[in-house]
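Understanding the architecture of this molecule
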Amino acid sequence: MQVSRRHFLKVTAGGLAASSMGVLGFLPSEALAEVRQFRLARAKEIRNTCPYCSVGCGLLMYSLGDGAKNAKAEIIHIEGDPDHPVSRGSLCPKGAGLLDFIHSPNRLKYPEVREAGSSTWKRISWHEAVERIARHIKDDRDANFVTKTAEGVTVNRWLSTAMLTASASSNETGILTQKVMRSLGIVGTDAQARVCHGPTVSALASTFGRGAMTNTWVDIGNADFILIMGGNPAEAHPVGFKWAVEAKKRGARIVVVDPRYNRSAAVADEYLPIRAGSDIVFLGGVINWLVANDKIQWEYVRAYTNAAYIVKEGYGFEDGLFSGYDAAKGQYDRSSWNYEFEADGTTAKTDPTLQHPRCVWNLMKAHYARYTPELVEDLTGTPKDGFLRVCQHLGSTAVRDRVGTILYALGWTQHTVGAQNIRTMAMIQLLLGNIGMPGGGVNALRGHSNIQGLSDLGLLSTNLPGYLTLPSEKAHPTFADYIAKTAPKAQAPGQLNFWANTPKFFVSLLKWFWGDKATKENDWGYDWLPKWDKMYDVLQVMDLMHNGKVNGFIVQGFNPLTSFPDARKTAADFAKLKYMVVIDPIATETASFWQNHGEFNAVDPASIKTEVFRLPSTCFAEEDGAIVNSSRWLQWHWKGANPPGEAKTDQEILAELFMAVRALYAKEGGTAPEPILNLSWPYKNPLEPTPEELAKELNGRALADIPDPKDPTKFLARKGEQIPNFALLRDDGTTMSACWIFAGCWTQAGNQMARRDNTDAGLGNTPGWAWAWPANRRIIYNRASCDPSGKPWDPKRNLISWNGAAWAGADVPDFKVDSPPADGMNPFIMNPEGVGRLFCTDKLVDGPFPEHYEPMESPLGTNPLHPKVVSSPAVRIFKADRERLGTHDQFPYVGTTYRLTEHFQFWTKSVRLNAIAQPEQFVEIGETLAAEKGIKAGDWVQVSSKRGHIKAKAVVTKRIKALKVAGRTVHQIGIPLHWGWETVAKKGFLSNTLPPAVGDCNTQTPEYKAFLVNVEKIGVA
Ligand code: SF4
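All figures in this text were calculated on a predicted structure; none of them were measured in a lab.

Among the structural elements, Asp811 can be located in the loop between strand 34 (807-809) and helix 28 (879-882). Despite being buried, Asp811 has no salt bridge partner; Arg778 is the closest side chain of opposite charge, sitting 5.5 Å away. Within polar-contact distance, the side chain of Asp811 engages the backbone nitrogen of Arg778 at 3.0 Å. Contacts of Asp811, omitting those with residues within four sequence positions, involve Asn765, Asn776, Arg777, Arg778, Ile779, Asn782, Leu799 and Ile800.

Put into structure tokens, the structure is as follows:
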């Protein structure tokens, strides 16, 4: 607040003369400087973490209220935590506005219901809300639960109610959600990851073994070259981006490749435009250039990749199709995408000379020979000379002592080829020897504060915590099948093949679900988990809803009406639901989809019969718990104040709902009550499991004494003790852990996630700050930072090394710590081969090598690489959605969506400070197109696709250039995300009205980044 001198004198006119004030040092300027200090001196300081993006900036919150009767704690100030190793006291415009989020007028205070056909909310008690929702759940579950398939396989699933989970809720909320949801049999579930970084997990896991950002925010500062492509971190991750700037200060070059000249480009050394949806052409061109110009880190490639592995006969690629394509099914039979094996059936054959015509190296070389610099220019619209400069920069890191990194986000994931975009870059980084290296890696910049954690906790349709798979009815009808098929055999001699430990993680998980009721005799309660027949991702669930097969939708901390593609169709499908439950701290468009908001939501409430419950939950400042940033750090945060009104924590809400449902089953019986009645619920207050109780379960504990195999007189852990790490987990029922990769986060030594030692152990690594999965390793695959003999490739980048007896250094080795280099164990310990995959065998559905396919709505209408196969042949699209695709003759321009630095998704439109900073919806249009259409800056325009339209102000800009692509001019239109009608800013249209409901082939993440639109001027400025 600004206070003028006159105002100050007025408010202090209680008797002190101005002269005496001056004598006492109370001149207004000095006194004003002290005002905040006085307030904060009486305040309590609480540590927290920014709930928006996954940089995970540290916060200091200050609250007033000393706990006396009638004295209510209230957060009065928030600032950056100067001790935080990543943010170092900085906050971006979103973090700086957090106080306004906590006190937003759009915070929900009381449970409400919108009765069928009503046009208003009605306040109800928590008791009534819980009783009514529990009744809906039980009735729908009893009526529609599937216990067995026609073949007699127990599947115990409930498909007629689906659930979405929150991306900013704590791990503790996430794991309780997992427990409740699976006990009910829900398979139709997703977190925000499905619509953002899903492809990251499948691309990186299929290449390196794990699906997470490889390095850390601070480590970006160690890079010599930074490519920013498929992301705009200066805008979307502003504080994390400071580490790119630090690298630049050290002499690193930064190049941005993006459809728009964006804020990252503004501080880069070079910017190159690109047509949205053509990234694989660019990156495939890089692979071709690196091979042709011998810019390969050969020692690394030979030792640590599958370049020498021989691919089996029958694999091929011709005219845009890989071997095994079934045109009738629109799917591949992937059996030919594998290695040739020795007689033992498990050891893959190799040719270290790289001469074999079917070794990975030669197949890769042939595949990308088509991606010439000329083709890159022709199909992407990027200038050839600029492309060649990027190749040279990247190629300069194919040596021991130079390292490059890539920063990307949703600009790569949100395409039908999302996973393959990322795969291509992962291959490049293997060729350059940049994985496992400080300053290297493939850095997936996660968008939401805890979407990494929610992914880790398996809150996706077919996942379980720790990247275990939910049992499948076809592959895993029995527990024995599950164990046999999820624990792979090593494909090369002497490899760690860490997933061989799956039975230990899985049995410990089942012991967490069902406690003493999970016994060896009943296969640890295996059949109480639901089994899937297909993936029930958001597109699948919405198609079922469209066809009237979903009755209930539980939406926790998610706003699908603003987030799912084709918003009009989504809203119409919501209207087919019998009940919807929305749990959120703020008002969302999803909860009010039935409410008429003029042209922004022109619906007739009377015709919509869905009963909608809106339950107010706490926000970050009002709860304890941990969230996981993009660098896999689990950071604990503390509660600073109570929530407004009657809002409750998600844990209380889930517990009350679950206990009410369980009570109904206990009283009335019903369909398949066992998973519910037998669920382990050991919480001191069953209606309010605490974050501490849940965090300890995430870590896991010994259920019996665990003897030391090396010395039977000793014990690794006594019964009831927290386990120190996942190495102690057992498959005999003597341990439990809710998420094996989190084992180590809360040990007998206490809460490791709350640690605040920011000592730099070397290269900016701060192992004493918070705790990182797995095992507090900060740079994963870090064994690959050393040559095969165990010495760092680059002595300046000495992260870990072999000291003659063990691996040790500034980071925790991501390796078997006592395995000497001579034993030949390789760095990619999660892969059964031990090496990184240039050819990813049968792990992805659309090919072992990335190939360019046009977006489903292509501005070219053809694919010059293979005109008979224009878009991905393996895409999954539902009939109703295919009918809503447009063509380039009707919709000639490419639309692409993105985030602004002042806003976070659809939350900050409820925050005054951010609403002031960016109050109104706009779209960006290049000058050439604007001139053609007679559009001037500030004019109103209508942007339309086959699925609907939005209206917005036009920003006419030099930042988006018309591109020459395949002989024609392609214009692109930039569409920021953030508007809606539940807002303290100006009401706006839902930008996701425009994109089609079609997803990445592997993960179904929708194609928000390249679709077809038209634009028309509808009003003047
Ligand atoms: S939004 Fe991201 S960069 Fe901004 S303060 Fe929050 S965590 Fe930091």
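Still more to cover.
Next up on the list: the pattern of salt bridges. For the structure on display, the rule yields 59 salt bridges. Across the salt bridge formed by Arg400 and Glu299, the nearest N and O atoms sit 3.2 Å from each other. Within this pair, whereas Arg400 is found in the loop between helix 16 (384-395) and strand 17 (404-408), its partner Glu299 is found in helix 13 (residues 298-304), the two being separated by 101 residues in sequence. A relative accessible area of 41% means that Glu299 is categorised as partly exposed. With a shortest N-O distance of 2.8 Å, Glu857 and Arg947 are connected by a salt bridge. One end of the pair, Glu857, is in the loop between strand 34 and helix 28; the other, Arg947, is in the loop between strand 37 (940-945) and strand 38 (948-957), and 90 residues separate them in sequence. Residue Glu857 shares its accessibility class with Arg947, and that shared class is buried.

Evaluation of the coordinates by the stated rule reveals 53 aromatic pairs. Across the ring face of Phe815, the terminal group of Arg783 is positioned such that the distance to the ring centre comes to 5.5 Å.

Here the focus is the packing of helix 12 (residues 279-292) against helix 15 (residues 373-380). Look at helix 12 against helix 15: their axes get within 9 Å of each other, and the N-to-C directions meet at 170°. In terms of axis orientation, helix 12 runs roughly antiparallel to helix 15. Along its contact with helix 12, which presents Val281, Phe282 and Gly285, the element helix 15 presents Leu375, Val376, Leu379 and Thr380. In terms of residue class, the contact of helix 12 with helix 15 is made up of five nonpolar, two polar and no charged.

Strands pair in a sheet through their backbones, by hydrogen bonds, and they do so in one of two ways: parallel or antiparallel. The strand order around the closed barrel formed by six strands is 35-41-36-38-37-42, and the pairing between neighbours is mixed. Sheet twist, expressed as the mean angle between neighbouring strand axes with direction ignored, is 45°.

With that out of the way, let us pick up helix 8 (residues 198-208). Within helix 8, 10 of the 11 residues are buried, which leaves the element mostly enclosed by the surrounding structure. Those residues of helix 8 not exposed but buried are Gly198, Pro199, Thr200, Val201, Ser202, Ala203, Leu204, Ser206, Thr207 and Phe208. At its buried positions, helix 8 is contacted by strand 17, helix 17 (410-413), helix 18 (418-431) and strand 18 (442-444).

Quick notes on the rules
Residues numbered from 1 in each chain as written. Predicted model: local features only at pLDDT ≥ 70, side-chain atom pairs only at ≥ 80, totals over all residues. Heavy atoms only, no water. Helix = DSSP H or I, 4+ residues; strand = E, 2+ residues; numbered from the N terminus. Buried < 20%, exposed > 50% of the residue type's maximum accessible area, 1.4 Å probe, protein only. Lys, Arg positive; Asp, Glu negative; His and termini not counted. Salt bridge = Lys/Arg side-chain N within 4 Å of Asp/Glu carboxyl O. Polar contact = N/O pair within 3.5 Å; in protein donor to acceptor, adjacent residues only side chain to side chain. Contact = heavy atoms within 4.5 Å. Phe/Tyr/Trp six-rings, centres within 6.5 Å; stacked < 30°, edge-to-face > 60°. Lys NZ or Arg CZ within 6 Å of the ring centre and 35° of its normal. Axes fitted to C-alpha atoms, helices over the stretch in contact; angles between N-to-C directions. Parallel < 35°, antiparallel > 145°, perpendicular 65-115°, else oblique. Nonpolar A, V, L, I, M, F, W, Y, C, P; charged D, E, K, R; others polar. Pairing = 2+ DSSP bridges.

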